[in-house]
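Examination of the molecular architecture
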Amino acid sequence: MKKIFQKNGNINLLLQGNEAIARGALEGDVSFCSGYPGNPSSEIIETLADAASHLPIYTEWSINEKVAVEAAAAASFAGLRSIVCMKQCGLNVASDFLVNLTLSGTKGGMVLVTCDDPSGISSTNEEDARVFADLADTPLLEPSTPQEALEMTKWAFDLSEKINNIVLLRSVSHLSHTRSVVRIGELPENEKKARFDTRNPFHTFPVIAKHNIRHEKLKTAETIFESSSWNPYQGPEEPELLIMACGSAWCYVLEAVEIAGLTGRIGILKLGTTWPLPKKIVRETLRKCDRILFAEEVDPFIETAIKAYAADLGEEAGGKTFMGKASGHIPSTGELNPSIFLNLFEILFGLDLINKTYREKVGEHLDGVIFPREFGFCPGCPHRGSYYAIKQALAWDNRDGFISGDIGCYTMGIWPTGFNQVKSVHAMGSGLGIASGYGKLAQFGFDQPVVTVCGDSTFYHAGLPGLINAKFNKSDILLLVLDNSATAMTGFQPHPGTGSTATGEDTEPVDLEALLRSLNIGVDVADPYETEASAQKIYALLQKKGPRVLIMKRKCALVQGKQGGFPYQMSVNHDVCLGESCGCGRYCTRIFRCPGLIWDKENMKATIDQVVCVGCGMCADICPRGAIEKTGKRN
Amino acid sequence: MDKKNPEGQTGLVEHVFKKGLCVTCGACVDLCPYMHYHDGRVTVMDKCQAEDGRCFKWCPRAVPPGMNTADAEQMAAKGIGPFRKIVAARACDEKKRESSQNGGMATALLTLAMETGMIQGAILTDRGDDDAPSGKMVLSKEMISAFSGSRYSASGALSALNRAVGKGVEKIGVVGLPCQMEALERRHQYYIKKQMTDQVTLKIGLFCTWALDYRKLAAYLEQEGLTGTVIKCDIPPPPAEIFRVYTTGGTFDFPLPDIRQMIQKGCSVCTDMTSLYADISLGAYEGREGWNTLIIRTETGEKLVDLAVSKGRIEIEAFPEKNMSDLDHAAQNKKNRGADASLKMTEGEVGS
Amino acid sequence: MQLNLIITGVGGQGNVLASQVLGHAAVHKGLFVTIGETFGLSQRGGPVLSHIRLSDTALPGPIIPPNAAHMVVGLEPLEPVRILQEFGNEDTVFIVNSRPIHPLNVIAGDAKYPDDRWLKNTLECFGKKLYWLDATELAISLGGAIMLNMIMLGALSEMDGFPISKSDIKDVIRTIFPESKLEMNHKALDLGSKLVQNA
Ligand SMILES: Cc1cc2nc3c(=O)[nH]c(=O)nc-3n(C[C@H](O)[C@H](O)[C@H](O)COP(=O)(O)OP(=O)(O)OC[C@H]3O[C@@H](n4cnc5c(N)ncnc54)[C@H](O)[C@@H]3O)c2cc1C
Ligand code: SF4
Ligand code: SF4
Ligand code: SF4
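So, how was this worked out
Residues numbered from 1 in each chain as written. Chains lettered and ligands numbered in written order. Predicted model: local features only at pLDDT ≥ 70, side-chain atom pairs only at ≥ 80, totals over all residues. Heavy atoms only, no water. Helix = DSSP H or I, 4+ residues; strand = E, 2+ residues; numbered from the N terminus. Rg over C-alpha atoms; globule rule 2.2 N^0.38 Å. Contact = heavy atoms within 4.5 Å. Areas by Shrake-Rupley, 256 points an atom, 1.4 Å probe, with all protein chains shown as cover. Lys, Arg positive; Asp, Glu negative; His and termini not counted. Charge placed at Lys NZ, Arg CZ, Asp CG, Glu CD. Buried < 20%, exposed > 50% of the residue type's maximum accessible area, 1.4 Å probe, protein only. Near = heavy atom within 4 Å. Nonpolar A, V, L, I, M, F, W, Y, C, P; charged D, E, K, R; others polar. Expected span 1.5 Å × (residues − 1). Bend = angle between axes of the 7 residues up to and from the residue. Domains from an automatic or database assignment. Buried area = accessible area lost by both parts, 1.4 Å probe. Salt bridge = Lys/Arg side-chain N within 4 Å of Asp/Glu carboxyl O. Polar contact = N/O pair within 3.5 Å; in protein donor to acceptor, adjacent residues only side chain to side chain. Phe/Tyr/Trp six-rings, centres within 6.5 Å; stacked < 30°, edge-to-face > 60°. Lys NZ or Arg CZ within 6 Å of the ring centre and 35° of its normal. Pairing = 2+ DSSP bridges. Axes fitted to C-alpha atoms, helices over the stretch in contact; angles between N-to-C directions.

**Focus on the overall build of chain A**
Counting its secondary structure elements, chain A contains 21 helices and 24 strands. Here chain A has a C-alpha radius of gyration of 28 Å; the compact-globule value for 635 residues is 26 Å, and the two agree. The principal-axis extent of the C-alpha atoms belonging to chain A is close to 80 × 70 × 60 Å. For chain A, restricting intrachain contacts to residue pairs at least 6 apart in sequence, the fraction spanning at least 24 positions comes to 79%. As displayed, chain A offers around 24,400 Å² of accessible surface, 52% of which is attributable to carbon and sulfur atoms. Considering chain A, the positive charge centre built from 62 side chains and the negative charge centre built from 73 side chains are found 4 Å apart.

**Describing helix H9 (residues 247–259) of chain A**
Residues and elements named next belong to chain A. Across the 13 residues that make up H9, a large majority, 11, are buried. Inspection of H9 places Gly247, Ser248, Ala249, Trp250, Cys251, Tyr252, Val253, Leu254, Glu255, Ala256 and Val257 among the buried residues, and these make up the whole buried set. Of the residues trailing H9, Gly261 is marked for its positive phi of about 65°.

**A closer look at the site of ligand 3**
Around ligand 3, the surrounding shell holds 14 residues, and the nearest of these are Cys594, Cys613, Cys616, Gly617 and Cys619 of chain A. Class assignment of the residues belonging to the shell around ligand 3 gives a composition of 10 nonpolar, four polar and no charged.

**Brief notes about helix H4 (residues 88–104) of chain A**
Residues and elements named next belong to chain A. Between its first and last C-alpha, H4 extends 23 Å over 17 residues, near the 24 Å set by a 1.5 Å rise per residue. The sharpest bend along H4 comes to roughly 60°, located at Ala94. All of the buried residues in H4 are Gln88, Gly90, Leu91, Ala94, Ser95, Phe97, Leu98, Leu101, Thr102, Leu103 and Ser104. Positive phi shows up at Gly105, right after H4, with a value of about 85°.

**Remarks on the domain arrangement of chain A**
Residue and element names in this part refer to chain A. Split by domain assignment, chain A resolves into domain 1 (3–226), domain 2 (233–362), domain 3 (382–562) and domain 4 (569–631). One C-alpha centre belongs to domain 1, the other to domain 3; they are set 33 Å apart. Tallying the contact residues gives 16 residues for domain 1 and 17 residues for domain 3. Of the roughly 1,100 Å² buried between domain 1 and domain 3 on both sides combined, carbon and sulfur atoms contribute 62%. In terms of surface lost to domain 3, no three residues of domain 1 exceed Tyr36, Trp61 and Ile63, which account for 40% of the buried area on that side. Our enumeration of links across domain 1 and domain 3 arrives at zero salt bridges. Summed over the shared surface of domain 1 and domain 3, the number is five residue pairs in polar contact (both at pLDDT 80 or more). Those elements that provide at least two residues to the side of domain 1 that touches domain 3 are helix H2 (42–51) and strand S3 (58–61). In terms of residue class, the side of domain 1 that touches domain 3 is made up of seven nonpolar, six polar and three charged.

**Structural notes on the packing of aromatic side chains**
Centre distance and the angle of the planes are the two values used to describe a pair of aromatic rings. Residue and element names in this part refer to chain A. Following the criterion strictly, the structure yields 24 aromatic pairs over all chains and no others. Arranged with centres 5.5 Å apart and planes meeting at 85°, the rings of Tyr388 and Phe592 form a pair that is edge-to-face. Placement of Tyr388 in helix H14 (residues 382–397) and of Phe592 in helix H20 (residues 587–592) is noted, with a sequence separation of 204 residues between them. Aromatic ring contacts, followed pair by pair, group Phe77, Phe196 and Phe202 into a single cluster. When the ring centre of Phe592 is taken as reference, the NZ or CZ atom of Arg384 above it lies at 6.0 Å. The ring of Trp599 has Arg586 lying over it, and the distance from NZ or CZ to the ring centre is 4.2 Å.

**Regarding the site of ligand 1**
Residues and elements named next belong to chain B. Surveying the vicinity of ligand 1 reveals 31 residues, the closest of which are Asn102, Thr107, Gly149, Arg151 and Thr209. A distance of 3.0 Å separates an oxygen atom of ligand 1 from a polar atom in the backbone of Ala106. In the model, an oxygen atom of ligand 1 is placed 2.8 Å from a nitrogen or oxygen of the Ser150 side chain. Within the complex, 95% of the 900 Å² of free accessible area of ligand 1 lies under protein. Going through the elements one at a time, helix H5 (105–115), strand S4 (121–125) and strand S11 (280–284) are the ones with two or more residues in the shell around ligand 1. When grouped by side-chain class, the residues that make up the shell around ligand 1 number 14 nonpolar, 16 polar and one charged.

**Description of the pattern of salt bridges**
A side chain of one charge can pair with a side chain of the opposite charge when the charged atoms of the two come close. Following the criterion strictly, the structure yields 69 salt bridges over all chains and no others. Put simply, Lys203 of chain B and Glu185 of chain B hold a salt bridge, and the shortest N to O gap is 4.0 Å. Of this pair, Lys203 of chain B sits in strand S7 (residues 200–206) while Glu185 of chain B is found in helix H8 (residues 178–193), placing the two residues 18 residues apart along the sequence. A salt bridge links Arg187 of chain B to Asp198 of chain B, with the shortest nitrogen-to-oxygen separation between them at 2.8 Å. Separated by 11 residues along the polypeptide, Arg187 of chain B in helix H8 and Asp198 of chain B in the loop between H8 and S7 bring together distant segments of the chain. Residue class for Arg187 of chain B comes out buried when judged on its relative accessible area of 2%. Through salt bridges with shared partners, one network takes in Asp116, Asp128, Arg130, Glu142, Arg170 and Glu296 of chain A.

**What about the sheet that holds strand S17 (residues 450–455) of chain A?**
All names here are of chain A. Read across the open sheet, the six strands follow the order S16-S15-S17-S18-S20-S19; overall the sheet is parallel. Edge positions in the open sheet fall to strand S16 (422–424) and strand S19 (522–526), since each of these has one partner strand only. Strand-to-strand, the axes of this sheet are offset by a mean angle of 35°, without reference to chain direction. Where strand S18 (residues 478–483) and strand S20 (residues 548–553) come together, six bridges link them in parallel fashion. Opposite Val481, over in S20, you have Ile551 as the bridge partner. Helix-sheet contacts for helix H18 (residues 531–542) involve S17, S18, S19 and S20, and the interaxial angle to S20 is about 170°.

**Describing the sheet that holds S3 of chain A**
Residue and element names in this part refer to chain A. Across the sheet, which stays open at both edges, the seven strands sit in the order S3-S2-S4-S5-S7-S6-S12 with mixed pairing between neighbours. Lying at the two open borders of the sheet, with one neighbouring strand each, are S3 and strand S12 (273–275). H4 contacts strand S4 (82–87), strand S5 (110–116) and strand S7 (167–172) of the sheet and is inclined by roughly 140° relative to S4.

**A closer look at the interface of chain C and chain A**
Taken together, the 59 residues of chain C in the interface contact 56 residues of chain A. Summed over both sides, the interface of chain C with chain A buries roughly 5,000 Å², with 64% coming from carbon and sulfur. Applying the counting rule to chain C against chain A returns six salt bridges. The salt bridge involving Glu86 of chain C is made with Arg359 of chain A; its shortest N-O contact spans 2.6 Å.

Given below as structure tokens:
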């Protein structure tokens, strides 16, 4: 058994932020865990799924975030402690239930973890999910370090039970994906029995009364926050600058103040409980200084709240200077880092903290040389074949068609690896909804064909309603389900089509074809590796009307690799390869762009990178000369 | 030429596709993966970076007329252009004539050329049945007659030539429209420049006033309730003003003005009606069903026709003076119209 | 003692595992350690960057402050150059694998990968010392490119002032690798340390 699941506490482990949250939940006596995968949150449920085979808990990957919260709420209603985890966009999906749940209240301690992704490093957006705490009147905790993540998670269950409402915990990428030494506590061993008390139903009526109760609960939370130890102040009694910081930003501030040698001149209020504001603490701290800087990631959340509170304080607060995102002292977008604060201290305190000569010299030297690495589908990736076939069909069709895209590995279709065919990407399942709209524009002269693509996991998550909408409203929509039997983007979590659950138990897979046929929508299946045949099918479908579905079926290359690999040993016949000359123009490396194909500069011919090529054989069919040869089994 | 307009696919896109001038000859197709012919249309598949490409060099629409050798000659020629002989002709084999468009000359001459070894393969346009017509390479003389009859939409047939050359076929005969003959001429000039041997040894050109856009035609015919598979199309002599389609389901007539809406835009700047660059040019014999007008333009053409006559494959008659002057007039008219349209287009560009 | 180390490379090079091994070793030694990881679309050819921060006094934050990296391990030669301006300084020691991984835009001819000489010069000129190691070849001779990260750790363990020794690392990998893989990994570490001793 992994050390992270051991019963005894009081040892130091190297834990990732997400693992610390999982351990915190276990120490907090959680019984029911659910979530939907999405960077940077996935490892929490992965860890808890792993834990489920050692400890008496239940863990699931739910179909989407809303269902995840609903399922976890059931456990809470029945008196069990539950945790539900997602990324920032996921909370949007869950929010409809959340704003109602907080009216009905909860029973067993319930914690919702949102992992925000400042800079959108692995997201379609940059979003601050903390606004939902305000929207749903939910207490909000913001840990700064893995240790704190563990402790706050554990504590959050108690808080939830004290106020009978769900508690939000917000992490960010640079906490979720940070490993550090964490001292773990002991795991409780309590017998539990789930039971719904039918005398105490959970619903939102009467709405106004429940709304008032919700506000009362929030007040209680505020009082608890004020006496908690999560909001320490550190620094001189009369600092020249007061920084109010939360989450990872606090780490950057702390370090920057130290580097700048300003520990004696700057005071730092670390806010760990950010909604509702622990007003008493804020009020006392505000007295110390008239210059206040806010340090937080993504939106000016505490900044706005504290400024509003200072306005309420009126005279007492006096003339304060507030610095932060609103004033432009802190960038209003993008992830923060220590550098931002050092730069600011240089200005505010007239110091010289950053090695500018070095940076300038390096900058000059590197100018124009460094370029970003282009992302691409893996060697042997079926998506490359699917997009190649779609590209071909749309070009043949010649009506300026395009793809309405969705979320998954195949989002990369906006880039050369997907031949730049994808022209819109937003939220999970949106590709279908948007396509159902395009499909009704013919009466306004719209004559461009649209293909919408959706992965199998995404299709179950939120794609199905878009498709049914198209069916219902007789929209001309062509859906290509890119069925690779995996949630590859986030690390191969199982989904309804894969035949196993989060904990590895067998379950009957949902039959996608049968599901679509039950809607009486024409369904056909094609193999992405057979690009020409697939293109023919897509072209033929483009000429038809009404809802149409083509399932592009082929396992994710990484899964195929694990399950015994690919059939071919590849090579390029240099006597036949045309290279750059008219007739080819490096078609394979320039257009098809599988990383398994490289350019041999000496011979001016294409070559197979035997380390990278997996032997799928797709490229043999796209070479105009038949120079790429596939032979029998790889050794 | 500056870098912005290289003589490669970029130029082709700029000067031909963006202006809607492609006439679907197929000269640029299947030389490489970048240009495709599918379902009756030539399309750009991917972006090629070459600045010197055969697609541009061979395309009959890639540069405004008058800009290269072929164009200069063409502009200089009056009416039906230079020729050795013009006669009325028809195939002796009655069966072959029946399925043919006019006198079955194309079929008869090609069959003979293959028999004598003058050509190994022939590039023809198939009927497409329920799909668009397209170019095919035929290697056996028995198969040639299966391709008789005219498709009035353009078919990208020269793509089959490119594929055949890719496979190493030598001595090839091509039947095609004037634009395709022009493409072959440009191709020939390119071969001379590169000091390579041209595989095309026989060029049979058809007369052509215009060709239709297949997709538009197909959609129209479907909408107008045409049934069966198309065998051939015909435009009966004026004043009928109809377009006649023979299908497995019967004969259908459509008003010619409707059909004219579907003429390829690129045909409007075409200045050649009688395939100036062919060895032999073939057209209908106005007013005499089952006969062809035959223009012999080269020595190659003359030899083949003489052989065909001596072998009793075809019969020829003198071509009446009146028909000759009508034809010359019609050809000159097309040239004037094309030159005007092309001038207008250039002016439009300069103006904008 | 406070040490800032960056391990940089691209997806699939074993960056995350290497930093974890160091992290565990540090915990065993009773050091404070924080590892900040950045990997966006790492599996799909993107860069992977680990900030490994060791201290004997207090827990460091997840991001190294500007121009404060003491050591940089490049599993690939372009990636250390990419972080030079933000984290490098005159005293940075670079331990770099010479074998480039060409991204798709380079293979396609849309971007130009700088040549060896330029890369070497750049790192030499903007740091204190560069160890330029042909580690991939060595890894392949050992049984696969996958051994690269251990070779680089072996090299790293030889650096002056680096608080984690080769035997510390061996202790950790004993707990994470199966018996059958131990020997190969130990060998990789040894070869790595030899590589810098000879350099
Ligand atoms: C689009 C088009 C427009 C024409 N316009 C005129 C005109 O205005 N006046 C006139 O006198 N004659 C015109 N013709 C020529 C005429 O229809 C006959 O093709 C010609 O007289 C030869 O008849 P045939 O009986 O010898 O041909 P057949 O022996 O029947 O052989 C016909 C040959 O034409 C080829 N062919 C069929 N369709 C096409 C096509 N779309 N593109 C290229 N090759 C094709 C076939 O491969 C076949 O070899 C036109 C032909 C076409 C295809
Ligand atoms: S292998 Fe084929 S596609 Fe690639 S450069 Fe050579 S001829 Fe072109
Ligand atoms: S066979 Fe070709 S397409 Fe498949 S992985 Fe190898 S190089 Fe890539
Ligand atoms: S006219 Fe012929 S060569 Fe020119 S673009 Fe069209 S098909 Fe290609």
